[in-house]
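Structure at a glance
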Amino acid sequence: MPHAELKFSSDLDLDAEAILDEIEAVILEHDGGAGACKGRAYPTDRYHHTHITVSVALLTKPHRDEAFSQALLADLESRIKARLLQPCEFSLGLSYSTPFYVTNFHAG
């Protein structure tokens, strides 16, 4: 199950939920078995320069090679930027979890 985080300066007028939905859609277009993408958005009132940093993390899988990663990164960048209506500094990182990572559902 992928994860996405948005960290951005609060002067950006953006729809974080729509961006997180877009990230999930792009991931599923590249890998239909990826599952739902858990997402969080963190606006901050304390910042230096208008910016957004997007972090996307996936589990390591054999088919998620360099070509997959480059294509996913390019599509994520263009689709996220299409939802940004103001000029800003932009950072996007794609990472893969190590084998020593647990993700599951806790039923409580």
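So, how was this worked out
- Residues numbered from 1 in each chain as written.
- Predicted model: local features only at pLDDT ≥ 70, side-chain atom pairs only at ≥ 80, totals over all residues.
- Heavy atoms only, no water.
- Pairing = 2+ DSSP bridges.
- Helix = DSSP H or I, 4+ residues; strand = E, 2+ residues; numbered from the N terminus.
- Axes fitted to C-alpha atoms, helices over the stretch in contact; angles between N-to-C directions.
- Contact = heavy atoms within 4.5 Å.
- Salt bridge = Lys/Arg side-chain N within 4 Å of Asp/Glu carboxyl O.
- Buried < 20%, exposed > 50% of the residue type's maximum accessible area, 1.4 Å probe, protein only.
- Expected span 1.5 Å × (residues − 1).
- Disulfide = S-S within 2.5 Å.
- Polar contact = N/O pair within 3.5 Å; in protein donor to acceptor, adjacent residues only side chain to side chain.

Some points on the sheet that holds strand β1 (residues 3-9)
If you trace the four strands from one edge of the open sheet to the other, you get β2-β1-β3-β4, paired in mixed fashion. The two strands at the open ends of the sheet, each matched to only one other strand, are β2 (38-44) and β4 (89-96). If you compare each strand with its neighbour and ignore which way they point, the axes differ by 10° on average. In this structure, β1 lies alongside strand β3 (residues 51-58), joined through six bridges in antiparallel fashion. Its bridge partner lying in β3, Ala-4 is registered against Val-56. Lying over the sheet, helix α1 (residues 16-30) contacts β1, β2 and β3, oriented at roughly 145° with respect to β1.

Structural notes on the pattern of salt bridges
Throughout the structure, instances matching the rule amount to seven salt bridges. With a shortest N-O distance of 4.0 Å, Glu-5 and Lys-7 are connected by a salt bridge. The salt bridge partner of Glu-77 is Lys-81, with a shortest N-O separation of 2.7 Å. With a gap of four residues between them, Glu-77 and Lys-81 both fall in helix α2 (residues 66-81), about one helical turn apart. Classification of Lys-81 as partly exposed rests on a relative accessible area of 38%. The structure contains a network of salt bridges with shared partners spanning Glu-22, Glu-29, Arg-79 and Arg-83.

A short note on α1
The end-to-end C-alpha distance of α1, which contains 15 residues, comes to 21 Å, matching closely the 21 Å that a straight helix rising 1.5 Å per residue would cover. By the burial criterion, the buried members of α1 are Ala-16, Ala-18, Ile-19, Leu-20, Glu-22, Ile-23, Val-26 and Ile-27. Where α1 is buried, its residues touch β1, β2, β3 and α2.

Structural notes on the state of the cysteines
As enumerated under the stated definition, the model contains zero disulfides in all. For the unlinked cysteine Cys-37, the closest cysteine sulfur is that of Cys-88, found at 20 Å. According to the relative accessible area criterion, Cys-37 is buried, its value standing at 13%. The class for Cys-88 is partly exposed, based on a relative accessible area of 24%.

What to know about α2
Each full turn of the α-helix corresponds to 3.6 residues, which orients residues three or four apart in the same direction. Taking 1.5 Å of rise per residue, the 16 residues of α2 would be expected to cover 22 Å, and the 22 Å separating its terminal C-alpha atoms lies within 8% of that figure. In this structure, the buried residues of α2 make contact with α1, β3 and β4. The opening residue of α2 is Asp-65, an N-cap whose side-chain oxygen sits 3.3 Å from the backbone nitrogen of Ala-67.

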